[in-house]
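Chain and residue survey
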Amino acid sequence: MTATTAQVVYDPYSAAFKDDPWPVYRRLRDETPVYHSEKGGFWALSRFEDVRAAARDHETYLSFEGIDIDDTAKDMSAPGFLPDIDNPRHDQLRRIVQRTFIPRTIAKLENDVRRVVTGLVDRFADTGTADLAQDLSWPIPYAVFFDVLGLPTTGSDREDLVRWSHGLKDREDDDPRLTPVAWDALHNTKDYLAQVLMERRANPREDLLSTLVTASVGDHEGVPYAPARLDRDSEIVGLAFVLFMAGVESTSALLSTAFRELALHPEQATGLVADPSGIPAAIEESLRFDAPLQVAGRTTTRDVDLHGITIPAGERVFLVYGSANRDERQFDDPDRFDVTRPPQRHMAFSEGLHGCLGAPLARLEARIALEVALPRMGRYEISGPLTRYRSTPNMRVLDSLPVSFTPSRRSS
């Protein structure tokens, strides 16, 4: 570093950083791949191989202090909050829900997802304008995942759940604390889930909440997982709660990123309309280019020596997935969005113990959304300012993506 070069500052809580993290990520990778923030009390890994190795080493990098890097980790995490649980309990709980999310189970949802997506696209396809975040990227996972979980997809309860789900993520820039809106949403959501789980125990259905409340777990086969009395602090409520939290936002982020980048690269969108077989690769490129989950927290169990620096045991370490996915040591020309990029591993859904449970469902929803919407819109362009969703500093999600297009006739 030259005398005139400013020191790298990685402040994931600041509004300026969230608006444009990529220059900081590059400097982290090049100048300080093992970054230490004395002010923030954390270390950060930013290169692909370092991030991937840490994500896969669940004995050295534990999750018990929370993957969230703001006060979400201590205020929302609770028994059953799967991303913040280490083994052996993690695998016991994950086995309860794993079957719901395996690819062959998810594949059975294709017709239902296509029906949802087509209905949403029908609402704006003849108008020539849309907010693809509000009209498509958010409604799709709400409709699909609420149905999988067993939550209402219509009515006042559904409206409350949607409002609370947004409230859970309410944050202020440069402030790690939960807002009063987030606290209110937290208590309301957990109370509601406890009530619904009690009802499912008496009247099980073909949904994920029923799977939870009728399951057994651990070394004692036949012993019910759910206790006789449920309240907001029960482990099973925590497990249902984290599924509720995680099932929508990441998918919405993926969808909006894909539609945004294809608007900015219309020749690539045209290519996908001509040959939809390229859509799965476009989804992976969208995930790599701008990962929904930008960073996840871990805690070291031992001293870690890396790039000549020692991270002591018991320290908070941030795995910066967003930077890893732009690492030029792993990807050619990583700041270029290219749906024809050859298949290559990325870290958008992490790996190892905490690899994203819902990744197959997110990919299915994204594929169908692009298959349905792109031909109906044809060439489209961004028609107004994009706004960022107010969420935890871990996430990058759009709240608004206005576009305009010339309506095309729907094929009969």
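The following refers to the structure shown. (Residues numbered from 1 in each chain as written. Predicted model: local features only at pLDDT ≥ 70, side-chain atom pairs only at ≥ 80, totals over all residues. Heavy atoms only, no water.)

With that out of the way, let us pick up the packing of aromatic side chains. In the structure shown here, the tally under the stated rule is 17 aromatic pairs. Ring centres 5.6 Å apart and planes at 75° place the aromatic pair F17 and Y25 in the edge-to-face group. For F17, a relative accessible area of 9% puts it in the buried group. When its relative accessible area of 2% is taken as the criterion, Y25 is described as buried. A ring pair is formed by Y35 and F42, whose centres lie 6.4 Å apart and whose planes are at 40°; its orientation type is tilted. The exposure class assigned to Y35 is buried, which follows from its relative accessible area of 8%. One aromatic cluster in this structure is built from Y10, F17, W22, Y25, Y35, F42 and F318. The ring of F241 carries K190 above its face, with NZ or CZ at 5.2 Å from the centroid. Cation over ring: R326 sits above F289, and NZ or CZ is 3.9 Å from the ring centre. (Phe/Tyr/Trp six-rings, centres within 6.5 Å; stacked < 30°, edge-to-face > 60°. Buried < 20%, exposed > 50% of the residue type's maximum accessible area, 1.4 Å probe, protein only. Lys NZ or Arg CZ within 6 Å of the ring centre and 35° of its normal.)

This part covers helix α14 (residues 249-264). Between its first and last C-alpha atoms α14 spans 23 Å; for 16 residues at 1.5 Å apiece the expected length is 22 Å, and the two agree. Burial runs high along α14: 14 of the 16 residues are buried. (Helix = DSSP H or I, 4+ residues; strand = E, 2+ residues; numbered from the N terminus. Expected span 1.5 Å × (residues − 1).)

The next point concerns the side chain of E365. Within the secondary structure, E365 sits in helix α18 (residues 359-377). We note that E365 is buried and unpaired, the nearest opposite charge coming from R158 at a distance of 10 Å. The contact partners of E365, leaving out residues within four places of it in the chain, are V113, I140, P141, V144, T251 and L255. (Lys, Arg positive; Asp, Glu negative; His and termini not counted. Salt bridge = Lys/Arg side-chain N within 4 Å of Asp/Glu carboxyl O. Contact = heavy atoms within 4.5 Å.)

What follows concerns the pairing of strand β8 (residues 316-319). Alternating positions in β8 separate into two faces, R316 and F318 on one and V317 and L319 on the other, with burial throughout. Relative to β8, strand β2 (residues 42-45) runs parallel, the two sharing 3 bridges. Looking at the pairing, L45 lines up with L319 of β8. Looking at chain direction, strand β5 (residues 296-300) and β8 are connected through 4 bridges and run antiparallel. In the sheet register, A296 faces β8, and the bridge partner there is L319. (Pairing = 2+ DSSP bridges.)

This paragraph deals with the pattern of salt bridges. Following the criterion strictly, the structure yields 42 salt bridges and no others. Between R367 and E110 there is a salt bridge whose closest N-O contact spans 2.8 Å. With a gap of 257 residues between them, R367 in helix α18 and E110 in helix α7 (residues 110-124) connect regions that are remote in the sequence. The exposure class of E110 is partly exposed, given its relative accessible area of 23%. In this structure, R388 engages D173 in a salt bridge whose closest nitrogen and oxygen atoms are separated by 3.7 Å. A residue pair is termed long-range when its members are at least 10 positions apart, and R388 in strand β10 (residues 387-388) and D173 in the loop between α10 (155-168) and α11 (180-202) qualify at 215 residues. Residue class for R388 comes out partly exposed when judged on its relative accessible area of 30%. Ionic contacts of the salt-bridge type, sharing partners, join the residues R26, R29, D30, R326, D327, E328, R329 and D335 into one network.

Now for the nonpolar core. Core analysis: the biggest nonpolar cluster contains 102 residues, and L132, L212, F259 and Y380 have the highest contact counts within it. With 12 residues, α18 is the largest single contributor of residues to this core. Dropping the residues within four chain positions of it, L212 is found in contact with I96, V97, L197, Y225, I236, L239, A240 and L243. Counting 19 residues, the second largest nonpolar core, distinct from the first, contains A54, A55, Y61 and M347. (Core = buried A, V, L, I, M, F, W, Y, C linked by side-chain atoms within 4.5 Å.)

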